[in-house]
Amino acid sequence: MEKVDICPICKHDAFSKIATNSKLGITSSVVRCINCAFVFLEEQLDDEELFKFYRDSYRTNKRESFDESRHLGDLERSISQFEFFKDFLKIEDEIVDIGAGWGINANYLLSKGYEKIVVNESDDKVEQQLNKRIIRKTELIGSAKNKYNFIIMSHTLEHLFDLQGKMTVLSSMLKDGGRLFLEVPNAKNDMIVKGFSESYHYWYFMMTNLLSLAENTGFKVLKTGVFGKKRLMSDMNQIDFANWRKKVFEDNVSSIVELPEDHERAYWLRILLERSENID
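Predicted, not measured: the structure shown is a model, and the values here were computed from it.

Draft legend 1. Just the packing of helix H3 (residues 68–85) against helix H4 (residues 104–111), in detail. In contact at an axis separation of 9 Å, H3 and H4 are set at 55° when each is read in the N-to-C sense. In this view, H3 runs oblique relative to H4, as classed from their interaxial angle. The element H3 and its partner H4 pack so that their crossing is right-handed. Of the residues in H4, those touching H3 at His 71, Asp 74, Leu 75, Ser 78, Ile 79, Gln 81, Phe 82 and Phe 85 are Ile 104, Asn 105, Tyr 108 and Leu 109. Considering only residue class, the contact of H3 with H4 consists of seven nonpolar, four polar and one charged.

See below:
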């Protein structure tokens, strides 16, 4: 277990406590940086401890299973993310999806003709849904020797220990001119804010935080966006849900739309970064 003594965004060392979180098996203060307003857990499991937690305990603790609603939601997000970054992804690119969850994003890219895909996921349950043509690895980030053209991290960065260090490692995993796609929860959304004490996240991002992090670690920003759903599955009756399910699975339609960062349904921040060619 490690204590975060300085803000990883602005290096300030004064924080205000806003909540307490015990979801990772330790009790930690949730703090806000007085200088840049970045929010994070002050006490954190280190890489090895965190890897073990996500491998052995995460899904059980969350009581999370792969049902139809989860499949539909993951596929919608994959469709929307692909539309966001497809102009920056070549069919021959070597791709790694880090923290791939149930593997739906990787499966979707394979269906679009992207053959060179690796997923890095610690939880064995990914094997239940992952296409057998996709290579799975379980390495700690940074231990892999391969370099990639494109890294996908969808709802992964907020779970990782040593934020700025991980961004530096991700840069080292990219070939010159390689791209990094990040999607994280939007900490300007009241739903995220209210969940500080019940979340498994280490870091709670606003877009200004992501932009500063990119600048601090030598990445070039190619594209940003804030996204949410214009219609939730919980708003649908049985017939509407069946019709919507058919559209998603058969027509690759998504209800995810771009929204202002402070919109009540703006749930996710996206940023697409490029590794500078002059980085060693």
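Picking up after the structure, the text goes on.
Draft legend 2. Spotlight on the pairing of strand S10 (residues 174–185). Note: strand S9 (residues 148–154) against S10, six bridges, orientation parallel. Looking at S10, one finds that Met 153 is bridged to Leu 182. Running through helix H5 (residues 163–172), the crossover from S9 to the neighbouring parallel element S10 is right-handed. As paired elements, S10 and strand S14 (residues 266–275) share seven bridges and run antiparallel to each other. Bridged to Glu 183 within S14 is Arg 270.

Draft legend 3. Summary view of H5. Within the span of H5, buried status applies to Leu 163, Gln 164, Lys 166, Met 167, Leu 170 and Ser 171. Buried residues of H5 fall within an arc of 160° about the axis and therefore sit on the same side.

Draft legend 4. Main features of the nonpolar core. Counting residues in each nonpolar core, the largest one holds 56 residues, and the members touching the most others are Leu 24, Met 153, Leu 157, Leu 180 and Phe 205. Residues Phe 84, Ile 104, Ala 106 and Trp 244 belong to the second largest nonpolar core, which totals 33 residues.

Draft legend 5. Expanded view of unusual backbone geometry. Unlike most non-glycine residues, Lys 11 shows phi in positive territory, near 70°. Examined against the element boundaries, Lys 11 turns out to sit in the loop between strand S1 (2–3) and strand S2 (15–21). Residues other than glycine seldom take positive phi values, yet Asp 162 does so here, at roughly 60°. Among the secondary structure elements, Asp 162 is positioned in the loop between S9 and H5. With relative accessibility at 39%, the residue Asp 162 sits in the partly exposed group.

Draft legend 6. Expanded view of the sheet that holds strand S12 (residues 219–229). Taken in spatial order, the eight strands line up as S8-S7-S6-S9-S10-S14-S12-S13 in an open sheet, and their pairing is mixed. Strands at the two margins of the open sheet, each flanked by one partner only, are strand S8 (135–137) and strand S13 (256–258). Direction aside, neighbouring strands of the sheet carry axes that sit 25° apart on average. Where helix H7 (residues 207–216) meets the sheet, its contacts fall on S10, S12 and S14, and the angle it forms with S12 comes to roughly 160°.

Draft legend 7. Examining the layout of surface pockets more closely. The calculated volume of the second largest pocket comes to roughly 180 Å³. What lines the second largest pocket is a set of 15 residues, among which Val 4, Ile 6, Pro 8, Asp 162 and Trp 203 lie closest to the centre. Sorting the residues of the lining of the second largest pocket by element identifies S1 and H5 as the ones contributing at least two each. With three residues, the top contributor of residues to the lining of the second largest pocket is H5. Within the lining of the second largest pocket, the residues separate by chemical class into seven nonpolar, three polar and five charged.

Cut-offs and rules
All chains use their own residue numbering, which begins from 1 and follows the written sequence. Local features are withheld for residues below a pLDDT of 70 in this predicted model, meaning they are given only at 70 or higher, and side-chain atom pairs are given and counted only at 80 or more; totals for whole chains, interfaces and linings count all residues. Only heavy atoms go into the side-chain values, all of them from the structure, while hydrogens and water stay out. Here an axis means a line fitted to C-alpha atoms, over the contact stretch when the element is a helix, while the angle between two N-to-C directions is reported on a 0 to 180 degree scale. Secondary structure follows DSSP: runs of H or I at least 4 residues long count as helices, runs of E at least 2 residues long count as strands, and numbering of each begins at the N terminus. Comment on the angle field: the value is read as roughly parallel under 35 degrees, roughly antiparallel over 145, roughly perpendicular from 65 to 115, and oblique elsewhere. It is the rotation of the near helix from the far one that decides the hand of a crossing: anticlockwise by less than a right angle makes it left-handed, clockwise makes it right-handed. We call two residues in contact when some of their heavy atoms are within 4.5 Å. Just so you know the grouping, Ala, Val, Leu, Ile, Met, Phe, Trp, Tyr, Cys and Pro go in nonpolar, Asp, Glu, Lys and Arg go in charged, and all remaining residues, Gly too, go in polar. In this analysis, strands are considered paired if DSSP registers two or more bridges between them. When the strands point away from the viewer, a crossover counts as right-handed if the route from the first strand across the helix to the second turns clockwise. Think of it in three bands: with a 1.4 Å probe and only protein chains considered, a residue is buried below 20% of the maximum accessible area for its type, exposed above 50%, and partly exposed in between. For this quantity, the arc is that covered by the directions from the helix axis to the C-beta atoms. By convention a nonpolar core is built from buried Ala, Val, Leu, Ile, Met, Phe, Trp, Tyr and Cys residues, the set being connected through side-chain atoms within 4.5 Å. Here a cavity means grid points, on a 1 Å grid over the protein atoms only, where a 1.4 Å probe fits yet cannot get out; a pocket means an open set of points with protein on both sides within 12 Å along at least five of seven lines; lining residues are those with an atom within 4 Å of a point. Grid points are joined across faces, edges and corners, and a volume is the space filled by probe spheres set on the points.

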